[in-house]
Amino acid sequence: MADQNNQVQLKNFNRRTVLGYIRRNGTATKAGLASVTGLTFMAIKKILAELQELNLIRDGQMESGGMGRKAVSYVINENYRYTIGIHINKFITGIALLNLRGQILAIERYSMDKEFENQNDFVTMLAEAVNRVIEKSGVKRDDILGIGVGAPGPLDCESGVILTPPNMPMLDYLPLKETLEGRTGFPVFLNKDTNVIAFAEYWYRNNRDCSNLAYVEVDMGIGSGIIIDGKLNVGANCIAGEFGHITIDLNGPLCNCGNRGCLEAMSSGIAVLRMLGEQLENQKDHPLYHKRNSLTIEDVFVMTDKKDLLTISILNRSAFYVGVAVSNLINTFDPEMIILGGILIQKYPMYFNIVQDVANQRKVKGAKENFMAVSVLRENAGVIGAGEIVTDHFFNQFVNEVFH
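Note that the structure is predicted; figures quoted are calculated from it, not measured. (Residues numbered from 1 in each chain as written. Predicted model: local features only at pLDDT ≥ 70, side-chain atom pairs only at ≥ 80, totals over all residues. Heavy atoms only, no water.)

Novice: Describe the overall build of the chain, and please don't skip the residues or the numbers.
Specialist: Across its full length, the chain carries 13 helices and 15 strands. At 23 Å, the chain has a C-alpha radius of gyration in line with the 22 Å of a compact globule built from 404 residues. Oriented by its inertia axes, the alpha-carbon framework of the chain measures out at about 75 × 55 × 40 Å. Across the 404 residues that make up the chain, the buried fraction comes to 53%. (Helix = DSSP H or I, 4+ residues; strand = E, 2+ residues; numbered from the N terminus. Rg over C-alpha atoms; globule rule 2.2 N^0.38 Å. Buried < 20%, exposed > 50% of the residue type's maximum accessible area, 1.4 Å probe, protein only.)

Novice: Give me the packing of helix 9 (residues 297–305) against helix 10 (residues 309–333): which residues, what numbers.
Specialist: In contact at an axis separation of 8 Å, helix 9 and helix 10 are set at 115° when each is read in the N-to-C sense. In this view, helix 9 runs roughly perpendicular relative to helix 10, as classed from their interaxial angle. As helix 9 packs across helix 10, the resulting crossing turns out to be left-handed. Residues Val-300, Met-303 and Thr-304 of helix 9 form the contact with helix 10, whose participating residues are Thr-311, Ile-312 and Leu-315. Within the contact of helix 9 with helix 10, the residues separate by chemical class into four nonpolar, two polar and no charged. (Axes fitted to C-alpha atoms, helices over the stretch in contact; angles between N-to-C directions. Parallel < 35°, antiparallel > 145°, perpendicular 65-115°, else oblique. Left-handed = near helix turned anticlockwise from the far one by under 90°. Contact = heavy atoms within 4.5 Å. Nonpolar A, V, L, I, M, F, W, Y, C, P; charged D, E, K, R; others polar.)

Novice: Break down the layout of surface pockets for me, with residues and values.
Specialist: Rolled over the atoms, a probe with the dimensions of a water molecule shows which regions are left empty. Approximately 1,100 Å³ is the volume attributed to the largest pocket. Contributing to the lining of the largest pocket are 38 residues, with Phe-199, Gly-230, Lys-231, Asp-392 and Asn-396 lying nearest its centre. Going through the elements one at a time, helix 1 (2–25), strand 10 (188–192), helix 6 (193–204), strand 13 (231–232) and helix 13 (381–402) are the ones with two or more residues in the lining of the largest pocket. The greatest single-element share of the lining of the largest pocket, amounting to eight residues, is contributed by helix 1. Estimated volume of the second largest pocket: approximately 730 Å³. Around the second largest pocket, the lining comprises 28 residues; the ones closest to its centre are Asn-89, Ile-92, Asp-219, Ile-343 and Glu-379. Going through the elements one at a time, strand 5 (92–99), strand 11 (213–218), helix 8 (269–280), helix 9, helix 11 (343–347) and helix 13 are the ones with two or more residues in the lining of the second largest pocket. (1 Å grid on protein atoms, 1.4 Å probe; cavity = no way out; pocket = protein on both sides within 12 Å on 5 of 7 lines; lining within 4 Å. Points joined across faces, edges and corners; volume = space filled by probe spheres on them.)

Novice: Describe in detail the packing of helix 2 (residues 30–37) against helix 3 (residues 41–53), supporting the description with residues and values.
Specialist: It is the contact of helix 2 with helix 3, at a shortest axis distance of 9 Å, that shows an interaxial angle of 115°. Once helix 2 is placed against helix 3, the crossing between them reads as right-handed. Here helix 2 contributes Lys-30, Ala-31, Leu-33, Ala-34 and Thr-37 to the contact with helix 3, which in turn contributes Phe-41, Ile-44, Lys-45 and Leu-48. Residue composition of the contact of helix 2 with helix 3, by class: six nonpolar, one polar and two charged.

Shown next as structure tokens:
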């Protein structure tokens, strides 16, 4: 009996390997799969036939097989099932319905300007938005695998509780998994917002050979997500990647988390607004002097577009500290790829250049440069990554459930 169980486990491992390669690569041929997996051509042929029979994969385009021949390629059947991704942000919360290739079929965005009276109102908004995207997409509820949620940390991934996010106290100790499952009837998977964005960047970036990736979010807050060997590194207590709360200056400004000199207190959008407001107290002739106590991040970018040296110098200083922190990340983790995103990166192009230069100058000397790039998914990264959390769970569990 033990031998039979071992055989089943080995076969399921091979099936997951084949599915994983097709997902990661986007497309695959029998010969290509045999080459990368080490399985025989006949074993690959049998696995592909099983997956096709289940309708989980389908024929793709014909690919050149050498000697003028064309080989059939296989792709994931993107419409086999669907997911819902929710990305909760201080300013905008997005709710999207996606297929298994991360393509958005319907999306709703909600400005967080309005104050929710309580957590019940917030969860009600999410549940109603879920119903709306399902209705807009025309997808059957039975074909939806579940809901993935990316939310500000810290949080408890296992119990699905948002703990004490410094920049969104309205969410303190919200048992989101339990309440949203009760409102929608779908299983809910909760993870940190920057983790789900890292997952989106990993699955939907053109560089397919990268298995270790770090995503750094430089927004009103600062955070990161880390992928190791193709898997999210959430840490023992689900706080891995709290990049914004590494200490940059022991005697620095007080952070919302309660510590002093955190990267978030030195470089985030909130920190930029604080520093700008302080500087404006002594600059009565500055165009933003009258708004010094009610500044918005849009005010900052309006002034950088006008080449205002005060705002530019503050943003450049912010970028310098992020560059220092990224060099520490490289020296500790040495990822193949580092992706930077968030409003400061997207709205002020020089920011990325400074981070890159400072990080490379301060990392261990003699090592090759780590590839760094700006997020390509921009405002959709959060909902795509949240949906991918559900998709990943499905592909890892599905084979075990079907073949036993």
